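Structural overview for review
What follows is each chain in one-letter form.
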Amino acid sequence: MSVRNHLALAALIVLAPLGGAQAQEADESRPVGELSLSDDTLQFRYIDSGNVIDAGRGSRVSAALFLSEARDIVLSGDVLFPAQLGYDRLQILFGPRFYAALLEDENTDVMAASLGAEVRFEIDRSSGLAISGQAYYSPDILTFGSANNLTDLSARAEIRLQPRLTVFVGMRWFEFELTENDEERTLQEELFAGAGWRF
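Residues numbered from 1 in each chain as written. Predicted model: local features only at pLDDT ≥ 70, side-chain atom pairs only at ≥ 80, totals over all residues. Heavy atoms only, no water.

1. Topic: the overall build of the protein
The secondary structure content of the protein amounts to one helix and 11 strands. The linear arrangement of helices and strands in the protein, starting from the amino end, is α-β-β-β-β-β-β-β-β-β-β-β. In the protein, once contacts between residues fewer than 6 apart in sequence are set aside, the share between residues at least 24 apart is 51%. Approximately 10,700 Å² of the protein is accessible, and the part contributed by carbon and sulfur atoms is 59%. (Helix = DSSP H or I, 4+ residues; strand = E, 2+ residues; numbered from the N terminus. Contact = heavy atoms within 4.5 Å. Areas by Shrake-Rupley, 256 points an atom, 1.4 Å probe, with all protein chains shown as cover.)

2. Side note on the environment of Ser29
Note on placement: Ser29 falls in the loop between α1 (3-22) and β1 (32-37). The exposed category is assigned to Ser29, whose relative accessible area is 51%. (Buried < 20%, exposed > 50% of the residue type's maximum accessible area, 1.4 Å probe, protein only.)

3. Let's talk about the pattern of salt bridges
Evaluated as defined, the whole model comprises 14 salt bridges. Linking Arg97 and Asp152 is a salt bridge whose minimum nitrogen-to-oxygen distance equals 3.5 Å. Taken together, the residues span a long stretch of sequence, with Arg97 in strand β5 (residues 90-102) and Asp152 in strand β9 (residues 147-162) at a distance of 55 residues. Each member of the pair, Arg97 as well as Asp152, is classed as buried. Look at the salt bridges and you will find they share partners, linking Arg45, Arg60, Asp78, Arg97, Glu118, Asp152 and Arg172 into a network. (Salt bridge = Lys/Arg side-chain N within 4 Å of Asp/Glu carboxyl O.)

4. A short note on a nonpolar patch on the surface
A cluster of nonpolar side chains, Leu85, Tyr87, Phe121, Ile123 and Ile131, forms an exposed patch at the surface whose accessible area comes to about 450 Å². Following the sequence through the fold, Leu85 ends up in the loop between β4 (73-82) and β5. Residue classification places Leu85 among the partly exposed positions, given a relative accessible area of 43%. (Patch = residues over 30% accessible without salt bridge, like charges linked within 9 Å, V, L, I, M, F, W, Y side chains within 5 Å.)

5. Side note on a negative patch on the surface
A surface patch of like charges, here negative, comprises Asp105, Glu180, Glu183 and Glu184. Relative to the helices and strands, Glu183 resides in the loop between β10 (165-178) and β11 (184-198). For Glu183, a relative accessible area of 43% gives the class partly exposed. (Lys, Arg positive; Asp, Glu negative; His and termini not counted. Charge placed at Lys NZ, Arg CZ, Asp CG, Glu CD.)

6. Things to note about the pairing of β4
In this sheet, β4 lies alongside strand β3 (residues 60-68) in antiparallel orientation, the contact comprising eight bridges. Looking at the pairing, Ala63 lines up with Gly77 of β4. The turn joining β3 and β4, which pair antiparallel and follow one another in sequence, is formed by four residues; a positive phi near 70 degrees is taken by Arg71. Of the strand pairs in this sheet, β4 and β5 are connected by eight bridges, and their pairing is antiparallel. By the bridge assignment, Leu75 is partnered in β5 with Ala100. (Pairing = 2+ DSSP bridges.)

7. Considerations on the environment of Ala70
Looking at the secondary structure, you find Ala70 in the loop between β3 and β4. Measuring from C-alpha to C-alpha, the distance between Ala70 and Thr41 comes to 8.8 Å, with 29 residues separating the pair along the chain. Filtering out sequence-adjacent residues up to four positions away, Ala70 remains in contact with Glu104 and Arg185.

8. Focus on the packing of aromatic side chains
What the rule picks out here adds up to five aromatic pairs. Plain terms: the ring middles of Tyr99 and Phe174 are 5.8 Å apart, the flat faces sit at 40 degrees to each other, and that makes the pair tilted. With a gap of 75 residues between them, Tyr99 in strand β5 and Phe174 in strand β10 connect regions that are remote in the sequence. As far as the burial class goes, Tyr99 and Phe174 line up, both buried. Relative to Phe176, the ring of Phe174 has its centre 5.8 Å away and its plane inclined at 45 degrees; by these criteria the two rings are tilted. Residue classification places Phe174 among the buried positions, given a relative accessible area of 0%. Its relative accessible area of 1% is what places Phe176 among the buried residues. Through successive ring pairs, a cluster of aromatic residues spans Phe66, Tyr99, Phe174 and Phe176. One Lys or Arg, Arg97, reaches over the ring of Tyr136 and ends 4.0 Å from the middle of that ring. Here Arg172 stacks its cationic end above the ring of Phe174, 4.4 Å away from the centre of that ring. (Phe/Tyr/Trp six-rings, centres within 6.5 Å; stacked < 30°, edge-to-face > 60°. Lys NZ or Arg CZ within 6 Å of the ring centre and 35° of its normal.)

If you want it as structure tokens, here you go:
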């Protein structure tokens, strides 16, 4: 683990009690912009309510731009629908996510339509302390171009520092299996830290 990732984790632990003391809840209807950083990657993500495309109550849409130090560029977007659990602290969303990737090597473009889910458990509502995870997989039949399949897994812990600002740390495993020699192309397999701003 790098020094930067150690510092990000330490900051989250130190700031957790401060966030809990504020007891301020965010307006969940507002869109969110997120920036995630690791040693070798960065990602910009925009998240909004599914109402913008009439996807139904509780649904969500997002779009992301992922960049790696190796000059990999990935655009992604998803539409997720809620599972009705009747339990406010636990939220499960599922649905498709689409990827378009321009990888470092020449002529290794990939398009993929994955299916997956995101799970979020709210530990303390007043501080926004929560843990969440996501899992997306695109099989061969839904992956086009220079890859056979795609796997995108991540988990993170987050806390709200003020009504509009949330910070988080986590781990992501993001890779393609390329068609040439069934070689695995790992875009990210490391800790990340970031922040989200609710507009």
